[in-house]
Amino acid sequence: MTLPHQTTPPRDPQAKLPEDRRHMIRRRWLTAVIIVLLVGIPAGYLVVSAGQSRDSGRDKERESSAAGLQTNVPSQMKRRVFEVPIPAGAWDVAYYETSNWKTSRLYVQFTTNATGLDAFLAESGTSRARLTPDSVTVGGRDADIVDWTFDDARTWAGTTVTREEPRPDTDITVDLTDPAFPRVYAVSTTSP
């Protein structure tokens, strides 16, 4: 008995040819690289971000634990929030911030020249004409917190800038003993 001759079925023109070993290895490497990039880049970003966040937290902790005035210019954000401008060219700048659930205060002191004082007062929403002679507007409690003393031997002038809520109010006291180089003491208070 003879068996009929079997032919291979015709190949479908749309079907793929079997993959050879070289193509299989290349495909697996490409897949591995894509997976590493999809996982590695976000993971690296998270590591860098966590490090920056930790450093920022340490800076804020160091600043918060400081007792008394820090000899430095407050950050632009603090100056903007508390509306306490520091005139260009001011020196001996120092600040201290307190904050609790009820109120936040920014204490700032600096020395400037007559032009700088006028610029500071204008940006604060007041003027030299509104400074009351022989007036210390910074309260005793606030002065004690940052160890400011306002003795009678000096020439003082002061004003309070009152703003609509939620904007801060600012007590400004200026030492005009040397009118060419006034020393400014300001306490800006806001209620969050």
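See the structure above.
Residues numbered from 1 in each chain as written. Predicted model: local features only at pLDDT ≥ 70, side-chain atom pairs only at ≥ 80, totals over all residues. Heavy atoms only, no water.

**Points about the overall build of the protein**
Looking only at helices and strands, one finds four helices and six strands in the protein. Helices and strands appear in the protein in the N-to-C order α-α-β-β-α-β-α-β-β-β. A burial count over the protein gives 33% of its 192 residues as buried. For the protein, restricting intrachain contacts to residue pairs at least 6 apart in sequence, the fraction spanning at least 24 positions comes to 51%. Surface summary for the protein: the accessible area is close to 13400 Å², and the carbon and sulfur share equals 56%. (Helix = DSSP H or I, 4+ residues; strand = E, 2+ residues; numbered from the N terminus. Buried < 20%, exposed > 50% of the residue type's maximum accessible area, 1.4 Å probe, protein only. Contact = heavy atoms within 4.5 Å. Areas by Shrake-Rupley, 256 points an atom, 1.4 Å probe, with all protein chains shown as cover.)

**Concerning the pairing of strand β1 (residues 91-99)**
Taken together, the seven bridges between β1 and strand β2 (residues 104-111) define a ladder with antiparallel strand orientation. Along β2, the bridge assignment pairs Thr98 with Arg105. (Pairing = 2+ DSSP bridges.)

**With respect to the pairing of strand β4 (residues 156-161)**
Counted residue by residue, β4 has five buried out of six residues, so it is predominantly covered. Of the strand pairs in this sheet, strand β3 (residues 132-133) and β4 are connected by two bridges, and their pairing is antiparallel. Note that in β4 the partner of Thr132 across the bridge is Gly158. Both β4 and strand β5 (residues 169-175) contribute to a ladder of six bridges, which runs antiparallel. The residue bridging Val161 from the neighbouring strand is Thr170, located in β5.

**What about the sheet that holds β5?**
An order of β1-β2-β6-β5-β4-β3 is seen for the six strands of this open sheet, with the pairing classed as antiparallel. Of all strands in the sheet, those with a lone pairing partner are β1 and β3, marking the two edges. Relative to the sheet, helix α3 (residues 114-124) contacts β2, β4, β5 and β6 (183-190), its axis offset from that of β5 by approximately 165 degrees. (Axes fitted to C-alpha atoms, helices over the stretch in contact; angles between N-to-C directions.)

**What about unusual backbone geometry?**
In this model, Glu165 is joined to Pro166 through a cis peptide bond whose omega is 5 degrees. Relative to the elements of secondary structure, Pro166 occurs in the loop between β4 and β5. Even without being a glycine, Asp92 presents a positive backbone phi close to 50 degrees. Note that Asp92 resides in strand β1.

**A look at a nonpolar patch on the surface**
A surface patch of nonpolar side chains, about 520 Å² in accessible area, is lined by Ile25, Trp29, Val33, Leu37 and Ile41. Residue position: Val33 is located in helix α1 (residues 21-65). (Patch = residues over 30% accessible without salt bridge, like charges linked within 9 Å, V, L, I, M, F, W, Y side chains within 5 Å. Salt bridge = Lys/Arg side-chain N within 4 Å of Asp/Glu carboxyl O.)

**Quick look at the pattern of salt bridges**
If you walk through the whole model with that rule in mind, you get seven salt bridges. We note a salt bridge from Arg163 to Glu83, for which the minimum N-O separation is 3.1 Å. Taken together, the positions of Arg163 in the loop between β4 and β5 and Glu83 in the loop between α2 (76-82) and β1 put the pair 80 residues apart, joining distant regions of the chain. Taking the relative accessible area as the measure of exposure, Arg163 reaches 10% and is therefore buried. Close ionic contact of Arg154 with Asp175 constitutes a salt bridge, the shortest N to O distance being 2.6 Å. On the criterion of sequence distance, the pair formed by Arg154 in the loop between α4 (140-146) and β4 and Asp175 in strand β5 is long-range, its members being 21 residues apart. With relative accessibility at 39%, the residue Arg154 sits in the partly exposed group.

**Focus on the nonpolar core**
The biggest cluster of nonpolar side chains holds 20 residues, and the ones touching the most others in it are Val108, Phe110, Leu117, Phe120, Ile172, Val174 and Val184. Broken down by secondary-structure element, the contributors of at least two residues to this core are β1, β2, α3, β4, β5 and β6. What Val174 contacts, discounting residues up to four positions off in sequence, is Leu117, Leu131, Thr155, Trp156, Ala157, Pro182, Arg183 and Val184. Counting residues in hydrophobic clusters, the runner-up holds 10 residues, among them Ala143, Val146, Phe150 and Val187. (Core = buried A, V, L, I, M, F, W, Y, C linked by side-chain atoms within 4.5 Å.)

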